[in-house]
Amino acid sequence: MSNKNRNPFKMRASEKIESDASFLRLFSPEVLQVFLERASLEDLWEKILFIRSSPGAGKSSLLRVFEPGPLSIVYNHRSSQEHKVLYEILKKLDVVSKNRVETLGVSIRCTRNYEILEDLDLGNAQKMRLFYSLLNARIVLASLRAIIDLKKLKFPDDLNRISFEYDNRDNFLTRLTTPCNGERLFEWASGIERQVYEAIDSFLPIGDLKIEGHDELFSLSIITSSNILVDGQEFCNRILFMIDDAHKLSLPQRSSLFNYVIEKRGRFSVWFSERLEAQIGQPERELLGFSSYIGRDYAEINLENFWAKNTGKFKKILAKIATKRAMLSTEEVDSFQENLESQLDETALLEKIEKAINLSHEQISKVTAFSTKFGEWVDYLNKNEIISYERAVLLKQAEILIARNINKSQLSLDFPLRREELTERLDYSIETTAKLFIAKEHDIPFYFGFNDLVSLSSNNIEQFLGFSAELYEGMLANRITGREVQLDAIRQEKILRGVVNKKWEELRTLLPDSRQVLSFIDNLGKYFSEITHKPTASYAPGVNGFAIKEVKTPKLFEQPDWNQDDRFIPILDVIGICLAYNLLEKKETIQGKKGQKWIVYYFNRWLCLRYALPLTFGGWNKITPGNLLKWIKN
Amino acid sequence: MRWDPYILLKGNEVNDLWKRFNDDDLRRVLFILGKGFDVRMNLGLESLCQEAPNVNLVVSIVDFTEGKNSASLKYGTLVEENHNQFQSLINGKTVKDHSLNTWKGKGRKKRRVGDRNASELFQSITELEGYTDIVVDISSLPRGIYFSLVGKLLTLISQIEGKSTPIPNLMILTAENAAIDSKVLEHGIDEDLHFQFGFGGGIETESLSLPKIWLPILGEKKALHFDKANQFIKPDEICPILPFPSKNPRRADDIFAEHYELFSDVLRIEPQNLMYVPEQNPFEVYRKLMDTIKNYQESLSRLNGCKAVISAFSSKLLSIGALLTAFEAKSISDLHVGILNVDSQGYKIDDLPEVKLLKNQSELFVIWLTGMPYN
């Protein structure tokens, strides 16, 4: 791999970065805030923890910090400026102490080969026994590797310096005599893994299976810091099992596994990370059984929701990530945020702004011509003749307010409105709407500056890097051509649109059932755009989310709920795909009678740019399943 | 190496082979092909029936489903046209129909099982007894199916090698046409990748923690496939393979230019890692891959060797080189070679009238794998 790093923003996700040192160089310790909060509730280690998010939100990077490689680097360089902050946070989490690394993170990645066990020509019970034996074997193997890494031992030569002291009091182990050394333990687990692997990948019939099947995931209980010693000594205080990509397991496997760890309530620490998609069509209670409850039996971190509640912190983290990446470039553009202009260059846009002002004046004159009601407003708006963006926005706001007033004033008396009644009604949402309208009508940038870039990232670090990579490319191009490095608003929006268009085109190739999903998103986007850009701006600053509302007409027989109706299965499938591919964000909100709870599906913010919608949350509409189905099919 | 020397026939050489079939009364040919929308579906069978009208022929047609929402469903008329032509070609011949499910499950939990099911089309060597020649025409079969199907046939035939049972001639037939390939676009590439059934190569085993070398054979418009596979494999070293020499001498450069950003900025691949293979010779691909993997194995012997992953983002013809390499590696104890292809859930034809016109410019290739020349 080349060391030359022209545009480090293109190294997309931290977990794909090769060395632990490079990973830490780009890692922002502040993201561990999610764990600090859980630690303060004292359920970080004691309860089973589910870490959920859309792809690219940073789950794997979060887990990688707890692996022995990064932990050793941080501990060994704890006084260095580079790692001090991370060391202090890890200390607060009880992961390191001043004496040693206290927590050994063991990472187990789930892949399709667990699910493939379901395809073997075996009974369900036997399949489950194979699943547990493969998982036990992999946990043992991953733990031994993690110990070797943490203690800087040599593999496989130093396996015999590890001893496994478990006395098999529970008779879990039928083909391994304990106590034994690490070498023997490794052989035993490798044997199981090899045999299962041969069974799932063989062209020839598997014949009589002689693989050791397990009834439970006992590895979590027997691989403990007191059972495993290095040179006869305990080497850490806690072993943390991190089971990544759990959504790749089959439904029976996930269900059995989750129920097992929750019911067992063992003294082990287990984190599961999985994509949100795993929950579609599988309500949590259904998966875990009715005896399990969030909070009591397990804890959950939804990364996007966490950052949505901590937007200020997330913005700071993204700024740090951007700075760290820019600093790595070999092209001498070592800052990022500062190179994104946050204000419009009005001189460059003078002609368009003037046109916007004139058009608003014309429109206001036209609609107020036959009424004295808005006389004071019109006088106020005409008083100033400066051509500025601020004035264009003011006029557009007035245009919206006048349209609203006319729209609802059929029954009201035609008393003249005071000037104050205009200024009092001007607020942030009307201002944002006005800017959005001007942007669409006159091609004046709306999406630019670091704050908008953060919003466009939809709390997803990979998405942020995707946009930033192209913006940084623009900065590099400016530098090479001898211009000022800073990107103006026009250029920024042009680049962002380019990224959005490319993402949209890629969806045709990337998405399963792409025709249906894109039809759904496109119809939804056009609908949102239509109601957002109505002259009255009734839903200011705009609509970019929906909830599903069933309209039941009285019938002789009781109708099933829409999500139980086979006709609407395509809606569940399409929404599932949209969540899995991060096109929709799911949020719960309370509205209406008796605090009714609604699940609102918002557009990922990059889709807002495509359909000229605001980047704020909160604007959503209720849509019937019938309409959604129509939009999928057309 | 198992296929050194090798037999590769093309164009008129293929017709000459069929003529020899026609002159030999003892031959009994099993011809396997897929039922699909590819305009090249019947080219191989047509040439065989033309050149060898008297051959004792049994035709197995594999009808595979791509799912109810597949983008290629809209080419139902093409499938029908192909099938009608097929019916007229096999008039009077024995036909065996096989249906094959590509997917299992529904909605988001559905998973690809086509490769596993393809390997079950022939369960044992006894099903092949009596055939002197087995021809697998992959022109209208997706990669996910023909890799496992050919892998299974090679495995069954390997069981009788060295025994007194006559070894059938196993041949892969394909109608090559790079222009058509570039107009058939893949839609909805798989999110959930997995190693090709039978060609896992132990890559995912935790106990074998060795450096991973990735050898992707590249074609046009495969940046997303490449990126997706890279994220799945997480290789330690990448050696992209480009087609050269090729009919269009600039083809390798064009493919490189198309993937430049990915190679240079995202993955920072060293230029010396690029490799070249002739566009129309799968056996040369196989040789190059075997040599490369053995070289890496030797260079990394201090680290206990390596694992190699091959991905075919190229023409079907070149993909056979990947298949042969992974198959041979299965019998070499120290080599761990897996195949990771990125399948798609459907196809879209860019310019159908043009594709139909291009059909006759296709060239037939026979890749002869077992039997007479190798005995």
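Conventions used here
Residues numbered from 1 in each chain as written. Chains lettered and ligands numbered in written order. Predicted model: local features only at pLDDT ≥ 70, side-chain atom pairs only at ≥ 80, totals over all residues. Helix = DSSP H or I, 4+ residues; strand = E, 2+ residues; numbered from the N terminus. Rg over C-alpha atoms; globule rule 2.2 N^0.38 Å. Contact = placed C-beta atoms within 7 Å. Buried ≥ 20, exposed ≤ 12 C-beta atoms within 10 Å, placed from the backbone. Nonpolar A, V, L, I, M, F, W, Y, C, P; charged D, E, K, R; others polar. Pairing = 2+ DSSP bridges. Right-handed = clockwise from strand over helix to strand, strands pointing away. Core = buried A, V, L, I, M, F, W, Y, C linked by C-beta atoms within 7 Å. Axes fitted to C-alpha atoms, helices over the stretch in contact; angles between N-to-C directions. Parallel < 35°, antiparallel > 145°, perpendicular 65-115°, else oblique. pLDDT = per-residue confidence, 0-100. Expected span 1.5 Å × (residues − 1).

**Student:** I tried to follow the overall build of chain B on my own but got confused; where do I start?
**Tutor:** Counting its secondary structure elements, chain B contains 12 helices and 17 strands. Computed over the C-alpha atoms, the radius of gyration of chain B is 20 Å, within 12% of the 21 Å expected from 2.2 N^0.38 for a compact globule of 375 residues. Overall, the C-alpha framework of chain B stretches about 60 × 50 × 45 Å when taken along its three principal axes. Put simply, 84% of the contacts in chain B that link residues at least 6 apart link residues at least 24 apart.

**Student:** I would appreciate a short explanation of the overall build of chain A in the present structure.
**Tutor:** Summing up its helical and strand segments, chain A has 25 helices and 12 strands in all. For the C-alpha atoms alone, the extent of chain A along its principal axes is close to 95 × 75 × 45 Å. Looking at chain A residue by residue over its 634 residues, the buried ones come to 42%.

**Student:** Can you help me understand the interface of chain A and chain B in this one?
**Tutor:** Quoted interface sizes are often the accessible area lost when the parts come together. Taken together, the contacts link 46 residues of chain A with 36 residues of chain B. The residue makeup of the side of chain A that touches chain B, split by class, is 16 nonpolar, 10 polar and 20 charged.

**Student:** Could you clarify how one ought to interpret the pairing of strand S6 (residues 238–244) of chain A in this entry?
**Tutor:** Consecutive side chains of a regular strand alternate in pointing toward one face of the sheet and then the other. All names here are of chain A. The buried fraction of S6 is high, at 6 of 7 residues. Pairing of strand S2 (residues 103–109) with S6, which is carried by 7 bridges, proceeds in the parallel orientation. Residue pairing for S6: Thr-103 is matched across the bridge by Arg-238. Looking at chain direction, S6 and strand S7 (residues 269–275) are connected through 4 bridges and run parallel. Note on S7: the bridge partner recorded for Met-242 is Trp-271. For the segment spanning S6, helix H10 (residues 251–264) and S7, crossover handedness is right-handed.

**Student:** So what exactly am I meant to see when it comes to the sheet that holds strand S5 (residues 228–230) of chain A here?
**Tutor:** What holds strands together in a sheet is hydrogen bonding between their backbones, with the strands either parallel or antiparallel. Residues and elements named next belong to chain A. Spatially, S4-S3-S5 is the arrangement adopted by the 3 strands of the open sheet, whose pairing is antiparallel. Two strands bound the open sheet, and with one partner strand each, they are strand S4 (180–181) and S5. Of the strand pairs in this sheet, strand S3 (residues 162–164) and S5 are connected by 3 bridges, and their pairing is antiparallel. Within the sheet, the bridge partner assigned to Phe-164 lies in S5 and is Ile-228.

**Student:** What should I look at first to understand unusual backbone geometry in this one?
**Tutor:** Cis geometry marks the peptide bond from Phe-155 of chain A to Pro-156 of chain A, where omega comes out at 0 degrees. By secondary structure assignment, the location of Pro-156 of chain A is in the loop between helix H7 (124–150) and S3. Cis peptide bonds are those with omega within 30 degrees of zero, and the linkage from Asp-4 of chain B to Pro-5 of chain B qualifies with 5 degrees. Within the fold, Pro-5 of chain B resides in the segment before strand S1 (7–10).

**Student:** Any chance you could explain the nonpolar core here in plain terms?
**Tutor:** Here is a general trend for soluble globular proteins: nonpolar side chains tend to be buried in one another's company. In this structure, Val-106 and Phe-241 of chain A together with Phe-31, Val-136 and Ile-310 of chain B are the most contacted members of the largest nonpolar core, which totals 275 residues. Excluding anything up to four places from it in sequence, Val-136 of chain B contacts Ile-32, Tyr-146, Leu-149, Val-150, Ile-172 and Leu-173 of chain B.

**Student:** Please clarify how the sheet that holds S2 of chain A should be interpreted in this entry.
**Tutor:** Residues and elements named next belong to chain A. As summarised here, the arrangement of the 5 strands in space is S2-S6-S7-S1-S8, forming an open sheet in which the pairing is parallel. Looking along the sheet, the strands with just one partner apiece sit at the ends: S2 and strand S8 (298–302). Put simply, the sheet's adjacent strands are angled 20 degrees from each other on average, direction ignored.

**Student:** Explain the environment of Leu-62 of chain A to me, please; I cannot follow it from the model alone.
**Tutor:** Residues and elements named next belong to chain A. Along the polypeptide, Leu-62 turns up in helix H3 (residues 59–64). As a C-alpha pair, Leu-62 and Val-34 span 28 residues in sequence and 9.5 Å in three-dimensional space. Those residues in contact with Leu-62 that lie beyond four places of it in its chain are Val-31 and Ile-51.

**Student:** What is the right way to look at the packing of helix H22 (residues 514–532) of chain A against helix H23 (residues 569–580) of chain A in this model?
**Tutor:** Relative placement of two packed helices is described by the angle separating their axes and the distance separating the axes. All names here are of chain A. Following both chains from N to C, one finds H22 and H23 inclined at 85 degrees, their axes separated by 10 Å at the closest point. Our classification of the angle between H22 and H23 gives roughly perpendicular. In this structure, H22 uses Gln-516, Val-517 and Phe-520 to contact H23, whose residues at the interface are Pro-570, Val-574, Ile-577 and Cys-578. The class makeup of the residues in the contact of H22 with H23 is 6 nonpolar, 1 polar and no charged.

**Student:** Please clarify how the packing of helix H16 (residues 389–408) of chain A against helix H18 (residues 428–442) of chain A should be interpreted in this entry.
**Tutor:** Residue and element names in this part refer to chain A. The N-to-C vectors of H16 and H18 enclose an angle of 105 degrees; their axes lie 8 Å apart at closest approach. Between H16 and H18, the interaxial angle falls into the category roughly perpendicular. Contacts from Ala-392, Val-393, Lys-396, Gln-397 and Ile-400 of H16 reach H18 at Ile-430, Glu-431, Thr-433, Ala-434, Lys-435, Phe-437 and Ile-438.

**Student:** Where do I start with the confidence of the model for chain A in this structure?
**Tutor:** Low pLDDT marks stretches whose predicted atomic positions should not be read closely. Taken residue by residue, chain A gives an average pLDDT of 88. The fraction at 70 or more is 92%. Taken as a whole, residues 280–291 of chain A scores under 50 in pLDDT and shows 18 contacts with residues more than four places along the chain or in a different chain.

**Student:** Is there a simple way to explain the confidence of the model for chain B in this structure?
**Tutor:** In the predicted model, chain B carries a mean pLDDT of 92, and 98% of its residues have values of at least 70. Overall fold confidence (pTM) sits at 0.87, and the ipTM for the predicted complex is 0.90.

**Student:** Sorry if this is basic, but what is going on with H7 of chain A here?
**Tutor:** An α-helix turns once per 3.6 residues; consequently, residues spaced three or four apart project the same way. Residues and elements named next belong to chain A. The terminal C-alpha atoms of H7, which comprises 27 residues, lie 38 Å apart, in line with the 39 Å expected from a rise of 1.5 Å per residue. Most of H7 sits out of view: 21 of its 27 residues are buried. Immediately beyond the C-terminal end of H7, within one or two residues, lies Lys-152, with a positive phi of roughly 55 degrees.

**Student:** Please clarify how the environment of Leu-394 of chain A should be interpreted in this entry.
**Tutor:** All names here are of chain A. Summarising the element assignment, Leu-394 is placed in helix H16. The class of Leu-394 is buried, set by 21 C-beta atoms lying within 10 Å. Remark: the alpha-carbon pair of Leu-394 and Glu-585, spanning 191 residues in sequence, is separated by 33 Å.

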